[in-house]
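If you want the building blocks of each chain, they are given just below.
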Amino acid sequence: MSFEHRDDTGDRFGMWLFLYTEVILFSGLFILYAIALITYPQEYITASNKLNIWFGGANTVVLLTSSLTIALAITAIQRNQIRLCINLCVATIGLAIVFLINKYFEWSHEISLGIYPASETLRDMGPGVTSFFNLYYFTAGLHGLHVLIGATLITVVAVMVAKGKVTSDRYVLLENSALYWHLVDLVWIFLFPLYYLII
Amino acid sequence: MSEEKHEPVPYQTFILIWVALIILTGITVGVAQFDFGAVNIWVALSVASLKSALVLFVFMHLRQESLLFKIGLLAMLIILVIFIGLTFTDVLYREVLP
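Residues numbered from 1 in each chain as written. Chains lettered and ligands numbered in written order. Predicted model: local features only at pLDDT ≥ 70, side-chain atom pairs only at ≥ 80, totals over all residues.

Where an unreviewed UniProt entry is consulted, chain B appears under the name Cytochrome C oxidase subunit IV family protein, with the organism given as Pelovirga terrestris. Entered under Subcellular location (unreviewed entry) in the UniProt record, the comment concerning chain B runs "Cell membrane". (UniProt positions renumbered as here; feature names shortened; annotations may be inferred.)

An unreviewed UniProt entry lists chain A under the name Cytochrome c oxidase subunit 3 family protein, from Pelovirga terrestris. Its UniProt record gives chain A a comment under Sequence similarities (unreviewed entry), which states: "Belongs to the cytochrome c oxidase subunit 3 family."

Below you can see the structure in the form of structure tokens.
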């Protein structure tokens, strides 16, 4: 008879600790934002008005919904509804892809207007607008990277659920991937009003 | 540590929280259409904090976790306040920003 070491609560706590460090990482960028907003209040309003609120708004709804589907997936696996759990994971991955496609069109549009780091258009608009868009591309880019990592994690876990390696008895991997996904949502909850809705 | 399973959160609870999050997003967007000066940013941050609390406690199951997890969140928030607060004691009292 073999004993396996297992501590689901410890696993989840480890994930939470990692997520706290992620918050500190993003908060550094938000502090830069706050300082620049105080320094260039008028320029920040000008720059924010150039962002398309519909792209940002649509992506907010997409991310909130994907957070719902992955939360539902946990209840599904706890109730041993494996088929439903896999479908909810697939829905979450689909929404992540929709988010990234939306982001692609949004950035393509802005780049076509000459708004991208170190562009001449931005240089002509002065340091305030430039700092806004540099921070916007960096923060949203880092967030987009997290979307990509989160979607990859959920894909791996969905396959493991399908193969029976993640079960209704042992699903901490799904829980931790979901926690990571919710962090992605949390960051966007602050990013959206600060970058898109300043007037 | 013994493995205590969490009770599954009903599907309806998650869906209700999602509805609340969508409504709060609508409020944020709505308020941003009018210029209330500095009030705008504080409304945006307050609504965002409320949304975060809903995500943290319900979607992320923090409500069901032990006290240790909640103390962890509190510790992180205190570190954040120190981090932000100390930065602004510098920034706000500079003569000229570089």
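### Looking at the overall build of chain A
Broken down by element type, chain A carries 7 helices and 0 strands. For chain A, the sequential pattern of α-helices and β-strands runs α-α-α-α-α-α-α. The principal-axis extent of the C-alpha atoms belonging to chain A is close to 70 × 30 × 25 Å. Scored against the burial criterion, the 199 residues of chain A give a buried share of 40%. Restricting the contact set of chain A to residue pairs at least 6 apart, pairs at least 24 apart contribute 77%. (Helix = DSSP H or I, 4+ residues; strand = E, 2+ residues; numbered from the N terminus. Buried ≥ 20, exposed ≤ 12 C-beta atoms within 10 Å, placed from the backbone. Contact = placed C-beta atoms within 7 Å.)

### Details of the interface of chain B and chain A
Opposite the 33 residues of chain B that make contact, chain A presents 34 residues. When residues of the side of chain B that touches chain A are traced back to their parent elements, those giving at least two are α1 (11-31), α2 (39-59) and α3 (67-91) of chain B.

### Quick word on the UniProt feature "domain: Heme-copper oxidase subunit III family profile" (unreviewed entry) in chain A
UniProt annotation of "domain: Heme-copper oxidase subunit III family profile" (unreviewed entry) refers to residues 10-199 of chain A when read in the numbering used here. Along residues 10-199 of chain A one finds 86% helix and 0% strand; the C-alpha atoms at either end are 44 Å apart.

### Focus: the domain arrangement of chain B
What the domain assignment reports for chain B is domain 1 (8-64) and domain 2 (65-98). Taken over C-alpha atoms, the centre of domain 1 of chain B sits 22 Å from the centre of domain 2 of chain B. (Domains from an automatic or database assignment.)

### What to know about the packing of helix α3 (residues 53-78) of chain A against helix α4 (residues 82-112) of chain A
Residue and element names in this part refer to chain A. Close contact between α3 and α4 brings their axes to 8 Å; oriented N to C, the two are set at 165 degrees. Considered as vectors, α3 and α4 are oriented roughly antiparallel to each other. The crossing of α3 and α4 is left-handed. Its residues placed into classes, the contact of α3 with α4 shows 18 nonpolar, 6 polar and 2 charged. (Axes fitted to C-alpha atoms, helices over the stretch in contact; angles between N-to-C directions. Parallel < 35°, antiparallel > 145°, perpendicular 65-115°, else oblique. Left-handed = near helix turned anticlockwise from the far one by under 90°. Nonpolar A, V, L, I, M, F, W, Y, C, P; charged D, E, K, R; others polar.)

### As for the packing of helix α7 (residues 172-196) of chain A against α2(B)
Direction vectors running N to C along α7(A) and α2(B) enclose 170 degrees, while the axes themselves pass 9 Å from each other. Classified by the angle their axes make, α7(A) and α2(B) are roughly antiparallel. Where α7(A) approaches α2(B), its residues A:His182, A:Asp185, A:Leu186, A:Ile189, A:Phe190 and A:Pro193 are matched on the opposing element by B:Ala44, B:Ala48, B:Lys51, B:Ser52, B:Val55 and B:Phe59. Of the residues that constitute the contact of α7(A) with α2(B), the class distribution is 8 nonpolar, 2 polar and 2 charged.

### Things to note about unusual backbone geometry
All names here are of chain A. Of note, Asn-80 is a non-glycine position whose phi angle comes to about 65 degrees, a positive value. One can find Asn-80 in the loop between α3 and α4. At Ala-118, a position not held by glycine, the phi torsion is positive, near 65 degrees. With respect to the helices and strands, the residue Ala-118 is situated in the loop between α4 and α5 (120-125). The exposure class of Ala-118 is exposed, given the 8 C-beta atoms found within 10 Å.

### Some words on the UniProt feature "transmembrane region" (unreviewed entry) in chain A
All names here are of chain A. With numbering aligned to this structure, UniProt lists the feature "transmembrane region" (unreviewed entry) at residues 16-41, 53-77, 84-105, 135-159 and 179-198. As annotated, residues 16-41 comprises 96% helix and 0% strand, and the C-alpha atoms at either end are separated by 35 Å. With 90% helix and 0% strand, residues 179-198 has end C-alpha atoms that lie 29 Å from one another.

### Description of the UniProt feature "transmembrane region" (unreviewed entry) in chain B
Residues and elements named next belong to chain B. Per the UniProt record, "transmembrane region" (unreviewed entry) is found at residues 12-34, 40-60 and 67-88. In residues 12-34, helix accounts for 87% and strand for 0%; the two terminal C-alpha atoms are 34 Å from one another. Along residues 67-88, the helical share is 100% and the strand share 0%, with 32 Å between the first and last C-alpha atoms.

### Topic: helix α1 (residues 8-39) of chain A
Residues and elements named next belong to chain A. Across its 32 residues, α1 extends 47 Å between first and last C-alpha, which sits within 8% of the 46 Å expected from 1.5 Å per residue. Of all the positions in α1, only Leu-19, Tyr-33, Ala-36 and Leu-37 are classed as buried. Packing partners of the buried residues in α1 comprise α2 (41-50), α6 (127-162) and α7. (Expected span 1.5 Å × (residues − 1).)

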